[in-house]
Amino acid sequence: MSGASSGTGLRERKKRLTYRAISDAAVALFLERGFDAVSVAEVAAAADVSKPTLFRYFPTKEDLALHRFADREDEAARVVAARPAGVPPLDALHRHFLDGLARRDPVTGLNDEEGVLAFHRLLYGTPSLVARLHAYRGRSEGALAQALCAAGARALAARLAAGQIVAVLRILVDENWRRIAAGERAEDIAPDAAAAADEAFAQLRAGLG
């Protein structure tokens, strides 16, 4: 039995390594030449895999660039599901976002490392990637609604709440990124970003009860 478990673990590690190698090759090429100028075949060649293998890991070209968001599209739902007993969902999400700001998590928009800046310029400068990002956010909203239902909210109330929460998170992230893109430093923006998050979640609590 342990031999079977070891074999399964090895296969999973190899899958993760292949996944990462393909993604890293793709993002490097996209940053160097632009998303539209790079073909899937070129990414496969750079990662030393076949096109069929590539498509097993990434069904579309857009997924090659946006897997970082896809991997975290159910993050808000997981935060709600894993919150400690007695902690309201909004409080858990608020704390999680503040923790991300403190860690300069790129997903919060509060990160001015050059590689992160280059990736964001690629993302927001490519219409097809922006469209796919909206699709990821839609799935994030659906997953969050399910988590809120599981936490006791009625179906419609959960959907309405999830839509508002995801919209608020998007606005907070976009504002951080807008200021970073304009040349401000993450360290200088951080107090404003935390205050904006506090204000936004206070409004959500007032509106959602």
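Owing to the predicted nature of the structure, the values given are computational and were not obtained by experimental measurement. (Residues numbered from 1 in each chain as written. Predicted model: local features only at pLDDT ≥ 70, side-chain atom pairs only at ≥ 80, totals over all residues. Heavy atoms only, no water.)

Engineer: Would you explain the packing of aromatic side chains in this entry?
Structural biologist: Here a ring pair, both rings aromatic, is described through the centre-centre distance and the interplanar angle of the planes. A full pass over the atoms with the stated rule returns four aromatic pairs. Ring centres of Tyr 19 and Phe 58 lie 4.7 Å apart, and the angle between their planes is 25°; this geometry places the pair in the stacked category. In this pair, Tyr 19 sits in helix α1 (residues 2-33) while Phe 58 sits in the loop between α3 (51-57) and α4 (61-70), placing the two residues 39 residues apart along the sequence. When its relative accessible area of 22% is taken as the criterion, Tyr 19 is described as partly exposed. Judged by centre distance (6.1 Å) and plane angle (20°), the ring pair of Tyr 124 and Trp 177 falls under stacked. In this pair, Tyr 124 is assigned in helix α7 (residues 114-124) and Trp 177 in helix α9 (residues 155-181), connecting sequence segments 53 residues apart. (Phe/Tyr/Trp six-rings, centres within 6.5 Å; stacked < 30°, edge-to-face > 60°. Helix = DSSP H or I, 4+ residues; strand = E, 2+ residues; numbered from the N terminus. Buried < 20%, exposed > 50% of the residue type's maximum accessible area, 1.4 Å probe, protein only.)

Engineer: Whenever I open this one, the environment of Val 27 confuses me. Can you help?
Structural biologist: By the secondary structure assignment, Val 27 is in helix α1. As a C-alpha pair, Val 27 and Ala 65 span 38 residues in sequence and 5.9 Å in three-dimensional space. Ignoring anything within four residues of it in the chain, the contact list for Val 27 reads Leu 64, Arg 68 and Phe 119. (Contact = heavy atoms within 4.5 Å.)

Engineer: When you look at the pattern of salt bridges in this model, what are you seeing that I'm missing?
Structural biologist: One side chain can pair with another of opposite charge once the charged atoms of both are near each other. Tallied over the full model, the rule gives 19 salt bridges. Put simply, Arg 20 and Asp 24 hold a salt bridge, and the shortest N to O gap is 3.1 Å. Residue Arg 20 and its partner Asp 24 are both found in helix α1; the two are separated by four residues, about one turn of the helix. Looking at Arg 20, the relative accessible area reads 53%, which means it is exposed. For the salt bridge of Asp 105 with Arg 72, the shortest nitrogen-to-oxygen distance reads 2.5 Å. Separated by 33 residues along the polypeptide, Asp 105 in the loop between α6 (89-102) and α7 and Arg 72 in the loop between α4 and α5 (75-82) bring together distant segments of the chain. Salt bridges sharing partners connect three or more residues here, namely Arg 72, Glu 75, Asp 99, Arg 103 and Asp 105. (Salt bridge = Lys/Arg side-chain N within 4 Å of Asp/Glu carboxyl O.)

Engineer: I would appreciate a short explanation of unusual backbone geometry in the present structure.
Structural biologist: Even without being glycine, Asp 48 reaches a positive phi, approximately 60°. For Arg 104, which is not glycine, the phi dihedral falls at a positive 60°. Mapped onto the elements of the fold, Arg 104 is located in the loop between α6 and α7.

Engineer: Just to check I follow, could you spell out the nonpolar core for this structure?
Structural biologist: When a protein is soluble and globular, its nonpolar side chains tend to lie buried together. Judged by nonpolar contacts, the single largest core of 35 residues is most densely connected at Leu 93, Phe 97, Leu 144, Leu 148, Ile 165 and Phe 201. Of all the secondary-structure elements, those providing two or more residues to this core are α5, α6, α8 (127-150), α9 and α10 (186-208). Tallying contributions element by element places α9 first for this core, with 11 residues. Excluding its chain neighbours within four sequence positions, the residues that come into contact with Phe 97 are Thr 108, Leu 169, Leu 172, Val 173, Asn 176, Ala 197 and Phe 201. (Core = buried A, V, L, I, M, F, W, Y, C linked by side-chain atoms within 4.5 Å.)

Engineer: Would you mind going over the packing of α5 against α8 with me for this structure?
Structural biologist: Helix-helix packing: each pair is described by the crossing angle between the helix axes and the interaxial distance. For the pair α5 and α8, interaxial distance at closest approach is 7 Å and the crossing angle is 15°. Looking at the two axes, α5 sits roughly parallel to α8. The way α5 lies across α8 gives a crossing that is left-handed. Between α5, through Ala 76, Ala 77 and Val 80, and α8, the contact on the second element is made entirely by Ala 143, Leu 144, Ala 147 and Leu 148. (Axes fitted to C-alpha atoms, helices over the stretch in contact; angles between N-to-C directions. Parallel < 35°, antiparallel > 145°, perpendicular 65-115°, else oblique. Left-handed = near helix turned anticlockwise from the far one by under 90°.)

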